[in-house]
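Report on the structure
These are the residues of each chain, in order.
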Amino acid sequence: MEKKRPIRSGQLLSPFGIGQMVNFPGDESLMICGLDAWDKILSDRQNHAGTDAVQLSGLTIKEDRLKALLNVSGFRKPYPYIDTKSQGVNTNLTIPAVRFPQWHYCTNCHKMREIPLEHSDSPKCLTTNCKGHMLPVRFVAVCSDGHIQDVPFREWVHYGFVPNDDHNHSLSYYAGSGSGDLSGIWIHCSCGAKRSLAGIMGEKALARLNIRDDQGDKNGDNDTRFYTCCGYRPWLGRTGIEDPQNCNNNLRVLIRGGSNIHYSVIRSALYLPGFGEQLNPISGVIIERIGKTQLEERRAQDVQGVVLEAVLGSQPEVISGQISFEELLKDVTAFLKEDDQSHGETNEETLRNEEYNYILAGRPSENADFKAQVKDFTDYVDSAFLSEYFEQVVLIERLRETRVFTGFTRVNPEDNRSKHQIITDLSLNEVTWLPAHVVYGEGVFLKFNAEKIDKWLQAPKVQAQAQQIIARYHDARRKRWSEYHERNLNPTFIMMHTFAHLLINRLCFNCGYGSSSLRERIYFSSEPNRRMNGILIYTSSGDSEGSMGGLVRQGREKNLAKLIREAVEDAQWCSSDPVCSDVGGKTGQGPDRVNGAACHNCSIVPETSCEEFNMLLDRAFVVNTARQTNTGYFAI
């Protein structure tokens, strides 16, 4: 039986972020952390027997399309903590972590102390007769390249260089009982210096600290150096600090629990069985069970095909007569031939295009992890309205999504599409695998009417408004990343993205789902040979919410038109209007001002639900607003 991992008090740091529910590794693993330590833990246990045994088959995830996209050998699940009492394999496996931030303070005597990264027990105050608890400070310092370190409190108190005198410069932390403003938090030094934290979170607050040493001052050296990033990567263990990267970026002081401390970079893909509708569903079950790799290996072992035929002939469905050996062999041969012809360049757009075409083809099989019914609007209530704006609806009664953690960024999110190298390393040495997990759910897919979109795009105001938003989006990223490559965006993407958010918010009311339990998946491309105009709203929460059937029910004949009309009506007025539509239409709003008429009261959803971190949104592309007329897709 699986249990939750034991949690020890204190703030923890792993590649998954600060404060993760993980526990500490043994002392021997503390020299490294990150994915390197995962491999070390497995190798140490690989040759053990009994309850100490490890079976990688229970920890691996198969998703060939993502393997090709990310150029890795495979994916592994985070270790579930299994108690030894279960008498099973993979017991007592723990995700390695370190204690961070290192600066702690006593709740009683206020003395500050730097706790070692590998300190596993709750730190205690070293002051004589003091029984206070040591708590981590609330602040950390980060840079845009993903490094993180403790706030230089000693330098802050002394406005830069710490004098080399007879004092040991021990610090104390005093949090006032006032309004909670930073000016109420004071750092005292034993030398008598003290300073509040007012202004410490300014963009260049630490950069103003002069760190010239004594020798430079004595020699009259006026070459002033200022405090910049040290290039620390403490999530990789002691080595991440002892062997820092070269970095001179400005540091930003942030609240350690802030969302901009850690933006996960996730790549995901829906499971596609890999064979077409022309195959017998029973053949599909057998192909999925054996796996493509095993089938290719059996075919390669014998040119005559005897080995492959023996494997297929031994399948229980063939023995019981559910499918003939000849039909199964024909289907498997066709599947392998089709796969041989499908190899080519794999990128994000190719992956989405495969999903887009597969969803529109539908798959009514009861046995796969993907079951979808394609519907036109013949039997739908208000079919004329639906047919005007959409071509098809696909009810996906069962889907499986693999989500891969490829890295993370700090301060600013990565947009998952651009070809720039800002993603922070997960290991000291190169690894050939990545952590991932699989979730199951259901969804509703809507394909927009291509003719209606083409007519809508001809409106001059539509193009003018979109160009402002897209230009601000690209300008902000060019300033942030030197190797930024512009994405192919147009008004259609903004319209579909905004409509997806409106639909998520409306589904929360109609279905009772939590908003964080619903996700969007935008299928967009303006290339003529692979045009995509579709959105998928689906559940993948990993619990019972993903399989209740309520989401698919909203896409059925009696409910879909009502749902869409309600979502469009919601877009016509925001509780922050006329401010929302006026400010969004003039100067833009939200991160980097890349949103139009879209705010938390109308179009913003939880960041876990949005692929674009709530950017590139504008209600004016869905309906007309008070400021923007003749721009709404559903109003033209």
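On a predicted model such as this, the values are computed, not experimentally measured, just so you know.

Parameters and conventions
- All chains use their own residue numbering, which begins from 1 and follows the written sequence.
- Local features in this predicted model are restricted to residues of pLDDT 70 or higher, and side-chain atom pairs are both shown and tallied only at a pLDDT of 80 or more, whereas totals for entire chains, interfaces and linings draw on every residue.
- Calculated side-chain values reflect all of the structure's heavy atoms, with hydrogen atoms and water omitted.
- Helix and strand definitions here come from DSSP, where helices need a minimum of 4 consecutive H or I residues and strands a minimum of 2 consecutive E residues; each element is numbered from the N-terminal end.
- Accessibility here uses a 1.4 Å probe with only protein chains present; expressed as a share of the type maximum, an area under 20% marks a residue as buried, one over 50% as exposed, and anything in between as partly exposed.
- By the convention used here, residues are in contact when the closest approach between their heavy atoms is within 4.5 Å.
- Methods summary: accessible areas were calculated by the Shrake-Rupley approach with a probe of 1.4 Å, and residue burial reflects only the protein chains presented.
- The criterion for strand pairing is that DSSP finds at least two bridges linking the strands in question.
- Axis definition: a line fit to C-alpha positions, over the contact stretch in the case of helices; interaxial angles, taken between N-to-C directions, run 0 to 180 degrees.
- The nonpolar core is taken to be a set of buried Ala, Val, Leu, Ile, Met, Phe, Trp, Tyr and Cys residues, with the residues joined through side-chain atoms within 4.5 Å.
- Each residue carries a pLDDT score, the predictor's confidence in it, ranging from 0 to 100.
- Only protein atoms enter the 1 Å grid used here, on which a cavity is any set of points holding a 1.4 Å probe that cannot leave and a pocket is any open set flanked by protein within 12 Å on both sides along at least five of seven lines; residues with an atom within 4 Å of a point are listed as lining.
- Grid points are joined across faces, edges and corners, and a volume is the space filled by probe spheres set on the points.
- Charged residues are taken to be Asp, Glu, Lys and Arg, nonpolar residues to be Ala, Val, Leu, Ile, Met, Phe, Trp, Tyr, Cys and Pro, and polar residues to be all remaining types, Gly included.
- What counts as a ring pair is set by centres within 6.5 Å for rings of Phe, Tyr and Trp (its six-membered ring), and what kind of pair is set by the plane angle: stacked under 30 degrees, edge-to-face over 60, tilted for all other angles.
- Lysine and arginine charges are scored as sitting over a ring when NZ or CZ, respectively, is within 6 Å of the ring centre and within 35 degrees of the ring normal.
- We count a salt bridge whenever a side-chain nitrogen from Lys or Arg sits within 4 Å of a carboxyl oxygen from Asp or Glu.
- For this quantity, the arc is that covered by the directions from the helix axis to the C-beta atoms.
- Polar contact criterion, stated in full: a pair of N or O atoms within 3.5 Å, where within protein one must be able to donate a hydrogen and the other to accept it, and residues adjacent in sequence count only if both atoms are side-chain atoms.
- Helix span, as expected, comes to 1.5 Å for every residue beyond the first.

Let's shift gears to the overall build of the protein. Tallying secondary structure elements over the protein gives 18 helices and 22 strands in all. Buried residues in the protein amount to 51% of all 636 residues. Of the contacts formed within the protein by residues at least 6 apart in sequence, a portion of 68% connects residues at least 24 apart. Working note: accessible area of the protein is about 29000 Å², and carbon and sulfur atoms make up 47% of it.

As a further point, take the sheet that holds strand β15 (residues 194-196). Spatial ordering of the open sheet is given by β13-β14-β15, a layout of three strands whose pairing is antiparallel. With partners counted over all chains shown, the strands left at the sheet margins are β13 (171-175) and β15, one partner each. On average, each strand axis in the sheet is inclined to that of its neighbour by 20°, with strand direction left out of account.

Moving on, we come to the nonpolar core. Among the nonpolar cores identified, the biggest contains 61 residues, and Phe499 and Ile564 are the most heavily contacted of them. Looking at this core element by element, the count peaks at 11 residues for helix α15 (residues 491-511). Residues in contact with Phe499, not counting those within four places in the same chain, are Phe390, Leu446, Phe448, Ile535, Ile564, Val568, Val622 and Phe634. With 36 residues, the next largest nonpolar core counts Cys33, Leu59, Tyr79 and Val411 among its residues.

The next point concerns the sheet that holds strand β9 (residues 112-114). What the three strands build is an open sheet, ordered β9-β8-β10; its pairing is antiparallel. Two strands close off the open sheet at either side, each with one partner strand: β9 and β10 (134-136). The sheet shows a mean angle of 35° between the axes of neighbouring strands, taken without regard to direction.

Counting all residues, the mean pLDDT for the protein is 82, and 84% of those residues have values of 70 or more. Here residues 1-10 is modelled with pLDDT under 50, and outside its nearest four sequence neighbours on either side it reaches 24 contacts, counting other chains as well. Between residues 214-221, whose pLDDT stays under 50, and residues either more than four places distant or in other chains, the model counts five contacts.

The next subject is the side chain of Asn533. As for its placement among the helices and strands, Asn533 is situated in strand β22 (residues 532-539). Beyond its immediate chain neighbours, meaning those up to four positions away, Asn533 contacts Tyr356, Leu446, Lys447, Phe448, Ala450, Ile453, Thr492, Met496 and Tyr523.

What follows is about empty space enclosed by the protein. Scanning the entire structure with this criterion turns up one cavity of 30 Å³ or more. Together, Val444, Leu446, Leu503, Leu507, Ile537, Leu551, Gln554, Gly555, Leu560 and Leu563 line the largest cavity. Listing elements by their share of the lining of the largest cavity, those giving two or more residues are β20 (433-448), α15, α16 (550-554) and α17 (560-572). Classifying every residue of the lining of the largest cavity gives eight nonpolar, two polar and no charged.

Structurally, the position occupied by Val54 is in the loop between α1 (34-45) and β4 (60-61). In the structure, Val54 is positioned 12 residues away from Leu42 in sequence and 7.1 Å away in space, judged by C-alpha atoms. If we skip the residues at most four places from it in the chain, Val54 touches Leu42, Arg45, Gln46 and Asn90.

To continue, consider the packing of aromatic side chains. Two aromatic rings, taken as a pair, are described by how far apart their centres are and by the angle between their planes. Summed over the entire model, instances satisfying the criterion amount to 23 aromatic pairs. With 6.0 Å between their ring centres and 45° between their planes, Phe390 and Phe499 make a pair best called tilted. On the criterion of sequence distance, the pair formed by Phe390 in strand β19 (residues 390-409) and Phe499 in helix α15 is long-range, its members being 109 residues apart. Between Phe390 and Phe634, the aromatic rings sit 6.1 Å apart at their centres with planes inclined by 45°, giving tilted as the arrangement. Placement of the pair is Phe390 in strand β19 and Phe634 in the segment after α18 (579-586), with a sequence separation of 244 residues. A residue is classified by how much of its surface remains accessible, and Phe390, at 1% relative accessible area, is buried. Residue class for Phe634 comes out buried when judged on its relative accessible area of 11%. A cation over an aromatic ring shows up here: Arg352 above the ring of Tyr523, its NZ or CZ 5.7 Å from the ring centre. Over the ring of Tyr473 we find Arg477, and its NZ or CZ is 3.9 Å from the ring centre.

This next bit is on the pattern of salt bridges. Within this structure, the stated rule accounts for 26 salt bridges. Glu391 is paired through a salt bridge with Lys447; the nearest N and O atoms lie 3.2 Å apart. Remark: Lys447 occurs in strand β20 and Glu391 occurs in strand β19; sequence separation between them is 56 residues. Since its relative accessible area comes to 31%, Glu391 is described here as partly exposed.

All right, on to helix α13 (residues 450-457) then. Residues of α13 that are buried include every one of Ala450, Lys452, Ile453, Trp456 and Leu457, and no others. Along α13, the residues classed as buried sweep out an arc of 160° about the axis, all on the same side. Across from the buried face of α13, at angles greater than 90 degrees, the exposed residues are Glu451 and Lys455. The inward-facing, buried residues of α13 contact α12 (383-389), β19, β20, α14 (460-480), α15 and β22. Measuring from the backbone nitrogen of Glu451 back to the side-chain oxygen at the start of α13 gives 3.0 Å, which picks out Asn449 as the cap.

Turning our attention to the pairing of β22. With eight of eight residues buried, β22 is to be regarded as a mostly interior element. Of the strand pairs in this sheet, β20 and β22 are connected by five bridges, and their pairing is antiparallel. Within β22, the position partnered with Val444 by the bridge is Ile537. Note that strand β21 (residues 518-525) and β22 share eight bridges and pair antiparallel. Among the inter-strand pairings, Arg521 is bridged to a residue of β22, identified as Leu536. Where β21 folds back onto β22 in an antiparallel hairpin, the turn is made up of six residues.

The linkage connecting Phe100 with the following residue, Pro101, adopts the cis geometry, with an omega of 0°. The omega torsion across Asp577 and Pro578 is 5°, close enough to zero to call that bond cis. Relative to the helices and strands, Pro578 resides in the loop between α17 and α18. The residue Val411 is not glycine, and still its phi comes out positive at about 70°. In this structure, Val411 sits in the loop between β19 and β20.

What follows concerns helix α11 (residues 348-361). Between the first and last C-alpha of α11 there are 20 Å, a value that for 14 residues agrees with the 20 Å anticipated at 1.5 Å per step. Judged by how many residues are buried, α11 sits mostly within the fold: 10 of 14 residues are covered. Where α11 is concerned, the buried positions are Glu348, Thr350, Leu351, Arg352, Asn353, Glu355, Tyr356, Tyr358, Ile359 and Leu360. You can read the cap of α11 off the contacts: a side-chain oxygen lies 3.2 Å from the backbone nitrogen of Glu349, and it is on Asn347. Note on α11: the residue one or two positions beyond its end, Gly362, has a positive phi of about 75°.

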